[in-house]
Amino acid sequence: MKDNAVIAQTIKVRNPATLEQIAELTVASHADVAHAVAQARKAQAVWQSTSFAERAKLLYGLRDLLLDEQDKLADVLTAETGRPRAEAYGNELFYLCDAIGLWAKRSAGYLRPEKIRPHFPLMWLKKVVTTYSARGVIGIISPWNLPLTLTLGEALPALMAGNAVVIKPSELTPLSALFGAEMAGKAGFPNHLLQVVIGSGETGEALIDHADMIAFTGSVETGKRVMRRAAERLIPVSLELGGKDPMIVLKDADLERAAGACVWGALMNCGQACTSIERVYVEAPVYQPFVDRVVARVRAIRQGPSEREVDLGSMTSETQLRKIDAQVDEAVAHGATVLTGGRRNPNFNGLYYEPTVLVNVNQNMSIMREETFGPIIPIMKVKNAEEALSLANDSPYGLSGSIFSRDKRTGWQLAEGMQCGSVCINDSLINFIIPDAPMGGMKDSGFGYRHGAEGIRKYCRQKTIVVDRLGLKEEFPWYPASEKKSRQIRHLLRLLCRSGWKNKIRAIGGLARS
Ligand code: NDP
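For clarity, every value in this text was computed on a predicted model and none was experimentally measured. Note on numbering: residues in each chain are counted from 1, in written sequence order. For a predicted model such as this one, the threshold for reporting local features is a pLDDT of at least 70, and the threshold for listing and counting side-chain atom pairs is 80 or more; totals across whole chains, interfaces and linings nevertheless cover every residue. Based on all heavy atoms of the structure, the side-chain values leave hydrogens and waters out of the count.

Colleague: Tell me about the site of the ligand, and please be specific about residues and values.
Modeller: Whether a residue is near a molecule or strand depends on its heavy atoms: if one lies within 4 Å, it is near. Near the ligand lie 32 residues; those nearest to it are Ser142, Glu171, Ser219, Leu241 and Glu371. In the environment of the ligand, an oxygen atom lies 3.2 Å from a nitrogen or oxygen atom belonging to the side chain of Glu240. The side chain of Arg450 places a nitrogen or oxygen atom 3.2 Å from an oxygen atom of the ligand. Relative to its unbound accessible surface of 890 Å², the ligand loses 93% to contact with the protein. Of all the elements in the fold, those that place two or more residues in the shell around the ligand are helix H7 (201-210), strand S9 (213-217) and helix H8 (220-233). Each helix is a run of H or I in the DSSP string that is no shorter than four residues. Each strand is a run of E no shorter than two, and both are numbered from the N terminus. If you tally residues by element for the shell around the ligand, the top one is H7, at 4 residues. Broken down by class, the residue content of the shell around the ligand amounts to 12 nonpolar, 12 polar and 8 charged. What qualifies as a polar contact is a pair of N or O atoms within 3.5 Å, subject to a donor-acceptor requirement within protein and to the restriction that residues adjacent in sequence count only when both atoms come from side chains. Working definition of accessibility: Shrake-Rupley area with a 1.4 Å probe, residue cover restricted to the visible protein chains. Gly falls in the polar group here, along with every residue not listed as nonpolar (Ala, Val, Leu, Ile, Met, Phe, Trp, Tyr, Cys, Pro) or charged (Asp, Glu, Lys, Arg).

In structure tokens:
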């Protein structure tokens, strides 16, 4: 069980910045989830016959409503995450508005039937088309760090593809998803098309037992459990799992920009983003000036409650706070130096951890190996770009990374060599808010993509339709088999597939004789 107590059939949601209870919600039982999916299935049967234009119109209506209700949205988000209001508008609302624009405009194009021209000339006698259609009911299981982006945001392409959606948000942050579903209802989405079921892991398991596909975002361990359970029903899963994103700073980098991108990329949302910068490798000649710039920027960060004008709020999960505290303690016990931060913020009761810069770290420390998911920037000096890349790739994770260099060629070469799903050159985090570009992980960071064509096609069944063009009474491969047909096939294959003109001429002769 996590931070919020599940007592009998309810979940108590608390504000992590104040530790006060802000809601108590009824948990959905296995039967409730089965019922929700059955209702969603009925709604989907109607929804799948609507046009892309009708779906897009509803999405635009939802966007207008979110903009009208943005203060309420910020209230809900800040209350259950402890984030500053600026982040509610600048990150989640911005993301949703932009993503709605993308999916409303591009879905029809991404899912248009595609004509395929077979490479084998004999197959030109057939018309070949591949089509995309809705899977049915998509189950979305999401974590607590971006409770609107990873629930409502994830539902947008699934809905545009003609599916119904049932969301199981994190038990720590269920209110944002409920708010999103309420807004969708007000915007005119049909009843039961987008539902939220409340609960912990068991509710998630029930959803896997009934939905037609699961889009999961969360930790590696839970991702493996989700996949094992989905395997029992042979339903597809997409897994967006953890990350340990590296940043490389080369000696020719613009240090001011690199330091700014590092601090934002590591501390945005209190470091609780899957693509947060979690370890930094800096070439020796610029190591000290880079560290000085980062420390100066981190010391200037204002941390506090969402009502004030602050840069950083509290963390959202107490379990996570304890984990990062233990990582910092372990690093210090093995020789790391804290240049700023390094402890719970003593000025507040809630889950505040001071933004922290650590140096004298090494690759064996858990702060450099395990996911941190908190406001910590460990910085390590390296000899050269090769060493930086080798250390960056020395990780079970492969979500994203960033590289800073004025040399475009070197930056590109390092980006190609980095073992991860996305790389930013001279930038950080920005790939996540370009929803046109596929985003996914390698290695333990999972598989399947959000965003771009893949981000909507994953919610579809792909079907290939082959149409005969000539209408002959007989086709060559049909029964009966004969020696003559076999000879002809052998000559034909030699003619079409074997290299060299002499061989082809011999095959034509053979064909003529047979
Ligand atoms: P968890 O893996 O603990 O939980 C994710 C979701 O799965 C929650 O809703 C959780 O419910 C639910 N769940 C737990 N057990 C099961 C189960 N057996 N079957 C089905 N569902 C289950 O992750 P956190 O919520 O702690 O989120 C943090 C993690 O998410 C980090 O590792 C982070 O890297 C990752 N993440 C990845 C992103 C990406 O895009 N790659 C983006 C954001 C986060 P409940 O919490 O209610 O128990």
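Colleague: Provide a residue-level description of the pairing of strand S12 (residues 277-283), including the pertinent values.
Modeller: Each residue is assigned to one of three classes by its accessible area relative to the maximum for its type, calculated with a 1.4 Å probe on protein chains only: buried under 20%, partly exposed between the two thresholds, exposed over 50%. Summarising burial for S12: 7 of the 7 residues are buried, a large majority. Strands pair, by our definition, only if DSSP identifies at least two bridges between them. In this sheet, S12 lies alongside strand S11 (residues 245-249) in parallel orientation, the contact comprising 5 bridges. Paired with Asp245 across the strands is Ile277, a residue of S12. Viewed with both strands pointing away, a crossover whose connecting path from the first strand over the helix to the second turns clockwise is right-handed. Crossover handedness for the path S11 to helix H9 (residues 255-267) to S12: right-handed. Sheet topology note: the S12/strand S15 (residues 376-382) ladder contains 4 bridges and is parallel. Bridged to Glu283 within S15 is Val382.

Colleague: Residue-level account of the environment of Asn15, with values.
Modeller: Here Asn15 is to be found in the loop between strand S2 (10-14) and strand S3 (21-26). Residue Asn15 is classed as buried on the basis of its relative accessible area of 13%. Along the primary structure Asn15 and Ala79 are separated by 64 residues, whereas in three dimensions their C-alpha atoms are 5.3 Å apart. With residues up to four places along the chain from it excluded, the contact list for Asn15 reads Glu20, Ile22, Thr78, Ala79 and Gly82. Throughout, a residue-residue contact means that at least one pair of heavy atoms, one from each residue, lies within 4.5 Å.

Colleague: Which residues make up the pattern of salt bridges, and what are the values?
Modeller: Basic side-chain nitrogens of Lys or Arg form a salt bridge, by our definition, when they fall within 4 Å of a carboxyl oxygen of Asp or Glu. All chains considered together, the criterion is met by 24 salt bridges. Ionic pairing is found between Arg83 and Glu87, a salt bridge with its closest N-O pair at 3.5 Å. There is no split in this pair, since Arg83 and Glu87 are both buried. Linked by salt bridges that have partners in common, Glu154, Glu240, Arg450 and Lys458 make up one network.

Colleague: Can you tell me about the confidence of the model for the chain, naming the residues and giving the values?
Modeller: Every residue gets a pLDDT, meaning the predictor's confidence in that residue, from 0 to 100. For the chain, the mean per-residue pLDDT works out to 96, and 98% of the residues sit at or above 70. Considering only residues more than four positions removed or in separate chains, one finds that residues 3-8, a stretch of pLDDT under 50, has 18 contacts.

Colleague: Tell me about a positive patch on the surface, and name the residues and values.
Modeller: A cluster of basic residues, Lys484, Arg487, Arg490, Arg494, Arg498, Lys502 and Arg506, forms a positive patch on the protein surface. Every element with two or more residues in the positive patch is listed here: helix H16 (483-497) and helix H17 (501-513). Per element, the largest residue contribution to the positive patch is 4 residues, and it comes from H16. Its place among the elements puts Arg498 in the loop between H16 and H17. Look at Arg498 and you get partly exposed, because its relative accessible area is 43%. Residues enter patches when they are more than 30% accessible in relative terms and free of salt bridges; like-charged ones are connected within 9 Å and nonpolar ones (Val, Leu, Ile, Met, Phe, Trp, Tyr) within 5 Å. Within this scheme the basic residues Lys and Arg register as positive and the acidic residues Asp and Glu register as negative, but His and the chain ends are omitted. The atoms used to mark charge sites are NZ of Lys, CZ of Arg, CG of Asp and CD of Glu.

Colleague: So, the sheet that holds strand S8 (residues 194-196): which residues are in play, and what are the values?
Modeller: Reading across the sheet, the 6 strands line up as S8-S7-S6-S9-S10-S21 and stay open at both edges, with mixed pairing between neighbours. At either end of the open sheet lies a strand with only one pairing partner, and these are S8 and strand S21 (446-447). Where strand S10 (residues 237-240) meets S21, 2 bridges bridge the pair, whose relative direction is antiparallel. Bridge assignment links Leu239 to a residue of S21, and that residue is Phe447. In the packing of helix H1 (residues 30-47) onto the sheet, contacts are made with strand S6 (137-141), strand S7 (164-168) and S8, and the angle to S7 comes to roughly 155°. Sitting on the sheet, helix H5 (residues 152-160) is in contact with S6, S7, S8 and S9, with an inclination near 160° to S7. Axes here mean lines fitted to C-alpha atoms, for a helix over just the part in contact, with angles spanning 0 to 180 degrees between N-to-C directions.

Colleague: Could you give an account of the sheet that holds strand S23 (residues 460-468), with specific residues and numbers?
Modeller: Pairing is antiparallel in the open sheet, where 3 strands are placed in the order S4-S5-S23. Since the sheet does not close on itself, it has two edges, and those belong to strand S4 (114-116) and S23, each with one partner. When the angles between neighbouring strand axes are averaged without regard to direction, this sheet yields 25°. In the sheet, strand S5 (residues 126-134) pairs with S23 via 9 bridges, with the strands oriented antiparallel. Bridged to Lys126 within S23 is Asp468.

Colleague: For the nonpolar core, give the residues involved together with the corresponding values.
Modeller: For our purposes a nonpolar core is just a set of buried Ala, Val, Leu, Ile, Met, Phe, Trp, Tyr and Cys residues, chained together by side-chain atoms within 4.5 Å. Formed by 90 residues in total, the largest nonpolar core has its most connected members in Leu62, Leu66, Trp103, Val165, Phe189 and Ile214. Counting residues per element, this core draws most heavily on helix H4 (residues 85-110), which supplies 11 residues. The contacts of Val165, once residues within four sequence positions are left out, are Ile138, Ile140, Ala155, Ala158, Leu159, Leu193, Leu194 and Gln195. Ranked by size, the runner-up nonpolar core spans 57 residues in total, among them Ala258, Tyr353, Ala385 and Cys420.

Colleague: Lay out unusual backbone geometry in plain terms, naming residues and giving numbers.
Modeller: Cis rather than trans, the peptide bond between Tyr479 and Pro480 has omega equal to 5°. Secondary-structure assignment places Pro480 in the loop between S23 and H16. The backbone of Asn426 shows a phi angle near 55°, a positive value even though the residue is not glycine. Tracing the sequence through the fold places Asn426 in the loop between strand S18 (422-425) and strand S19 (439-440). At Lys443, a position not held by glycine, the phi torsion is positive, near 50°.

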